Amino acid sequence: MHAYPTELSRSLSMRIAQSRSAQLPDHQSMDAQRHALLIQENAMLARQLGEVQRRVTQQLAQHARVIQTLQAQCVQLRAAVIARDTALSMRRPDTTERKTATPAAMVSRR
């Protein structure tokens with residue numbers, strides 16, 4: 001098992017606090033105990049923070065993959081719409097000509 005710096009500092013601080021607690025007056029002994037507890041709590045919170053950061057990193061990577069997939073689908077759907085519209089307009093060229101010719105024809109008739 002590897003000892004991480006926070007665990008080493010925690011165990012060292014606890015040993016120091018234990019050795020001093022026999023020599024120190026009561027209020028100083030309480031301060032040393034509180035200090036040791038704070039070191040333990042800090043180590044626990046650091047481990048929890050690391051775990052949360054790992055999970056968030058995984059979720060961000062997953063979301064990035066989903067976004068990339070959705071963007072690719074969007075491009076494909078846009079291409080399909082363009083192809084459909086082009087095919088429709090190619091089938092009915094007279095409709096397009098009438099739409100563009102109508103305003104000019106109306107002006108020339110007046």
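Residues numbered from 1 in each chain as written. Predicted model: local features only at pLDDT ≥ 70, side-chain atom pairs only at ≥ 80, totals over all residues. Heavy atoms only, no water.

### Considerations on the overall build of the protein
Looking only at helices and strands, one finds three helices and zero strands in the protein. Listed by position from the N terminus, the elements making up the protein come as α-α-α. Element-wise, carbon and sulfur atoms account for 61% of the exposed surface of the protein, whose accessible area totals about 9700 Å². (Helix = DSSP H or I, 4+ residues; strand = E, 2+ residues; numbered from the N terminus. Areas by Shrake-Rupley, 256 points an atom, 1.4 Å probe, with all protein chains shown as cover.)

### Overview of the pattern of salt bridges
For side chains bearing opposite charge, pairing can occur when the charged atoms are close. What the rule picks out here adds up to four salt bridges. Put simply, Asp31 and Arg34 hold a salt bridge, and the shortest N to O gap is 2.7 Å. Here the residue Asp31 and the residue Arg34 both occupy positions in helix H2 (residues 26-91), the gap between them amounting to three residues, near one helical turn. The class of Arg34 is partly exposed, set by a relative accessible area of 49%. It is possible to trace a salt-bridge network through shared partners that takes in Glu51, Arg54 and Arg55. (Salt bridge = Lys/Arg side-chain N within 4 Å of Asp/Glu carboxyl O. Buried < 20%, exposed > 50% of the residue type's maximum accessible area, 1.4 Å probe, protein only.)

### Considerations on a nonpolar patch on the surface
A cluster of nonpolar residues, Val52, Val56 and Leu60, forms a patch on the protein surface that exposes about 240 Å² of accessible area. Tracing the sequence through the fold places Leu60 in helix H2. (Patch = residues over 30% accessible without salt bridge, like charges linked within 9 Å, V, L, I, M, F, W, Y side chains within 5 Å.)

Without other data, these values stay purely geometric and don't point to any function.
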